[in-house]
Amino acid sequence: MEANELIKKVRKIEIKTRGLSQNIFAGEYHTAFKGRGMMFAEVREYQYGDDIRDIDWNVTARQNHPYVKVYEEERELTVMLLIDMSRSRLFGAIGEEKREMIAEIAATLAFSAIQNNDKIGVIFFTDKIEKFIPPQKGKKHILFIISQLLTFQPTSNGTDITQVLRYFTDALKKRTTTFLISDFIDGSDYSKALSVASNKHDVIGIQVYDKRDTQMPDVGLIRLTDLESGDSKWIDTSSKSVRTRYDKWWYERQNKMFETMMKSRVNFTSIATDEDYVKALMALFKNRGVK
């Protein structure tokens, strides 16, 4: 990408996402995430009205009675963005490409963070850790993140959510508010790594998907290529049984993902590339702000 073209694209996404974070998300973001940047202080017995997300399940199991973790609020949050850079993000049949929406969502969250005087950092991942940008403050830092979102070229194609969660959990000792942004096309079981990460950090999952991912159209015999593995095969989409099997696969996969998020006590939203991500994020923030 030429320097002038990059500057124009960075400027365009800055204007749009900064405006959203200033005019729409400012209050919701603060309400949803204030008090989430905490340092552990002690445990005490559960009292009526306590947030169930603060339950210490290990102590609860030992004492046979619910206990919650008590935190001391820090003056600022550290926000981390774990961003999927696998090749499946390049897919775009309905609406914009996944990578374009991922970039806008990430930029909006980044501007919301700095307006709340929070630090923001990023980990780009595929089936390995591609790049780690340590948390910092300031507009210059945000613009660097946006430029990386637009230009960074990963060295691998696949997806390994387990690996990025383990890396993130080991690398960030201080409790953070973390957004895992991906299409979640990962055939492995990342439930254990997600549970460990959510016990240490405040993790929020954001799925960006294309509606063509969800259903196979009836267009006859076509050659399909897996963007991540590179494998190709001919598929007769005119076969109702083929389309039904695909629908079942997607449905079961989504159910498993939602179940994993719930068990790990991770707030989650799923956004299609032709939908308004502003409404989805607002709903997510408002739900988190409700006690």
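To start, this report covers the structure provided alongside it. For clarity, every value in this text was computed on a predicted model and none was experimentally measured.

Below, the discussion takes up the sheet that holds strand β4 (residues 119–125). If you trace the 6 strands from one edge of the open sheet to the other, you get β5-β4-β3-β6-β7-β10, paired in mixed fashion. The sheet is open, and its two edges are formed by β5 (129–136) and β10 (267–272), each paired on a single side. Each neighbouring strand pair of the sheet contributes to a mean axis angle of 15 degrees, computed without reference to strand direction. For strand β7 (residues 202–209) and β10, the ladder comprises 6 bridges, and the chain directions are parallel. Looking at β10, one finds that I204 is bridged to N267. Against the sheet, helix α3 (residues 98–115) makes contact with β3 (78–84), β4, β6 (177–182), β7 and β10, and its axis sits at roughly 150 degrees relative to β7, the strand it touches most. Set on the sheet, helix α4 (residues 139–151) makes contact with β3, β4 and β5; between it and β5 the angle comes to about 165 degrees.

A separate point is the side chain of E130. By the secondary structure assignment, E130 is in strand β5. Among buried Asp, Glu, Lys and Arg side chains, E130 stands out as unpaired, with K128 the closest opposite charge at 5.0 Å. Only 3.1 Å separates the side chain of E130 from the backbone nitrogen of S156, close enough to count as a polar contact.

Moving on: the environment of T269. One can find T269 in strand β10. Each C-alpha atom of the pair T269 and I206 lies 5.1 Å from the other, and the pair is 63 residues apart in sequence. Contact partners of T269, with chain neighbours within four places excluded, come to G205, I206, Q207, A280 and L284.

Another point: the packing of aromatic side chains. Inspection of every chain in the model, using the stated rule, returns 8 aromatic pairs. Both rings, one in Y209 and one in W250, keep their centres 6.0 Å apart while their planes meet at 45 degrees; by these two values the pair is tilted. On the criterion of sequence distance, the pair formed by Y209 in strand β7 and W250 in helix α8 (residues 240–263) is long-range, its members being 41 residues apart. By relative accessible area, Y209 is classed as buried at 13%. Relative to F268, the ring of F258 lies with its centre 5.3 Å away and its plane at 85 degrees, an arrangement referred to as edge-to-face. With a gap of 10 residues between them, F258 in helix α8 and F268 in strand β10 connect regions that are remote in the sequence. Of the residues examined, F258 reaches a relative accessible area of 34% and is grouped as partly exposed.

Calculation rules
- Residues numbered from 1 in each chain as written.
- Predicted model: local features only at pLDDT ≥ 70, side-chain atom pairs only at ≥ 80, totals over all residues.
- Heavy atoms only, no water.
- Pairing = 2+ DSSP bridges.
- Helix = DSSP H or I, 4+ residues; strand = E, 2+ residues; numbered from the N terminus.
- Axes fitted to C-alpha atoms, helices over the stretch in contact; angles between N-to-C directions.
- Contact = heavy atoms within 4.5 Å.
- Buried < 20%, exposed > 50% of the residue type's maximum accessible area, 1.4 Å probe, protein only.
- Lys, Arg positive; Asp, Glu negative; His and termini not counted.
- Salt bridge = Lys/Arg side-chain N within 4 Å of Asp/Glu carboxyl O.
- Polar contact = N/O pair within 3.5 Å; in protein donor to acceptor, adjacent residues only side chain to side chain.
- Phe/Tyr/Trp six-rings, centres within 6.5 Å; stacked < 30°, edge-to-face > 60°.

So, to be careful, I would describe these as geometric facts and stop short of saying anything about function.
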